[in-house]
Amino acid sequence: MASLISHTTVNTLDAYTLSCWWRDLLGWTDVPGDPNEPGHEECMIVDPATGRMVLFIEVEELQPREGRFHFDLMPTDRTRDEEIQRVLELGARQVADRRNPDGTGWMVLADPDGNQFCVIRSAEERAAAGDPPLGG
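This text gives an overview of the structure that appears in the document.

What counts, and where the lines are drawn
- Residues numbered from 1 in each chain as written.
- Predicted model: local features only at pLDDT ≥ 70, side-chain atom pairs only at ≥ 80, totals over all residues.
- Heavy atoms only, no water.
- Pairing = 2+ DSSP bridges.
- Helix = DSSP H or I, 4+ residues; strand = E, 2+ residues; numbered from the N terminus.
- Axes fitted to C-alpha atoms, helices over the stretch in contact; angles between N-to-C directions.
- Contact = heavy atoms within 4.5 Å.
- Buried < 20%, exposed > 50% of the residue type's maximum accessible area, 1.4 Å probe, protein only.
- Polar contact = N/O pair within 3.5 Å; in protein donor to acceptor, adjacent residues only side chain to side chain.
- Salt bridge = Lys/Arg side-chain N within 4 Å of Asp/Glu carboxyl O.
- Core = buried A, V, L, I, M, F, W, Y, C linked by side-chain atoms within 4.5 Å.
- Phe/Tyr/Trp six-rings, centres within 6.5 Å; stacked < 30°, edge-to-face > 60°.

Here's the deal with the sheet that holds strand β8 (residues 116-119)
Across the sheet, which stays open at both edges, the four strands sit in the order β5-β8-β7-β6 with mixed pairing between neighbours. The open sheet is flanked by β5 (71-73) and β6 (93-97), the only strands paired with a single partner. Sheet twist, expressed as the average angle between the axes of neighbouring strands with direction ignored, equals 30°. Where strand β7 (residues 107-110) lies against β8, four bridges are found, and the strand directions are antiparallel. Bridge assignment links Ala110 to a residue of β8, and that residue is Gln116. Contacts between helix α1 (residues 15-26) and the sheet are confined to β5 and β8, with β5 contributing the most and set at about 30° to the helix. Against the sheet, helix α2 (residues 80-89) engages β6, β7 and β8, with an angle of about 145° to β8.

This is the structure in structure tokens:
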């Protein structure tokens, strides 16, 4: 028998603010019947389509940025570069541009708490380039 991931947990100094930021970025919702409120030390968001969950928990002090968590985001309805622009407009900060002239690659960004994440090419962009789909 194997274990499965129940949810991803992110340590933060402000669970409510960071959960709202990620909720808006991903287009997710609060857990039905359990809305996140300012001052909550634990705030969960959920993908209404898949049920995937991310829990934000307040801690006294953040560990070094590497190792807290890492998301790779794949746009669902736009290109990688359009999504990068949208994420930057939402308040993310560019950390490293790993995009290549041939259209491959990704960009490393940071959320308002400094947690790093990447934006990769969409499934459509990967298919157009003849690359295999991720996860398959």
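So, next bit.
Observations regarding the side chain of Arg80
Within the secondary structure, Arg80 is located in helix α2. Residue Arg80 is classed as buried on the basis of its relative accessible area of 5%. Of note is the side chain of Arg80, whose polar atom sits 3.1 Å from the backbone oxygen of Gly105. Non-local contacts of Arg80, meaning those with residues more than four positions away in its chain, are made with Pro75, Arg99, Gly103, Thr104, Gly105, Trp106, Val119, Ile120, Arg121 and Glu125.

Some thoughts on the pattern of salt bridges
Tallied over the full model, the rule gives nine salt bridges. One salt bridge connects Asp77 with Arg78, and the closest N-O pair in it is separated by 3.4 Å. What makes Arg78 partly exposed here is its relative accessible area of 26%. Among the ionic pairs, Arg86 bridges to Glu83, the shortest N-O distance being 2.9 Å. Here the residue Arg86 and the residue Glu83 both occupy positions in helix α2, the gap between them amounting to three residues, near one helical turn. Take Arg86: its relative accessible area is 24%, and that puts it in the partly exposed class. The network of salt bridges with common partners includes Asp77, Arg78, Glu83 and Arg86.

A look at the nonpolar core
It is characteristic of soluble globular proteins that their nonpolar side chains tend to be buried jointly. Residues Trp22, Val54, Phe56, Phe71 and Phe117 are the most contacted members of the largest nonpolar core, which totals 21 residues. When residues of this core are traced back to their parent elements, those giving at least two are α1, β3 (42-46), β4 (53-58), β5, α2, β7 and β8. No other element matches α1, which puts five residues into this core. Non-local contacts of Trp22, meaning those with residues more than four positions away in its chain, are made with Ile45, Phe56, Phe69, Phe71, Leu73, Asp111 and Phe117.

Here we look at the packing of aromatic side chains
Summed over all chains, the structure comprises four aromatic pairs. With centroids separated by 5.2 Å and ring planes inclined at 80°, the aromatic side chains of Trp21 and Trp22 adopt a geometry described as edge-to-face. Overall, the relative accessible area of 12% leaves Trp21 in the buried class. With a relative accessible area of 0%, Trp22 lands in the buried category. Residues Trp22 and Phe117 carry aromatic rings whose centres are separated by 5.0 Å and whose planes lie at 70° to one another, so their mutual orientation is edge-to-face. With Trp22 in helix α1 and Phe117 in strand β8, this residue pair connects regions lying 95 residues apart in the sequence. Taken together, Trp21, Trp22, Phe71 and Phe117 form an aromatic cluster joined through their ring pairs.

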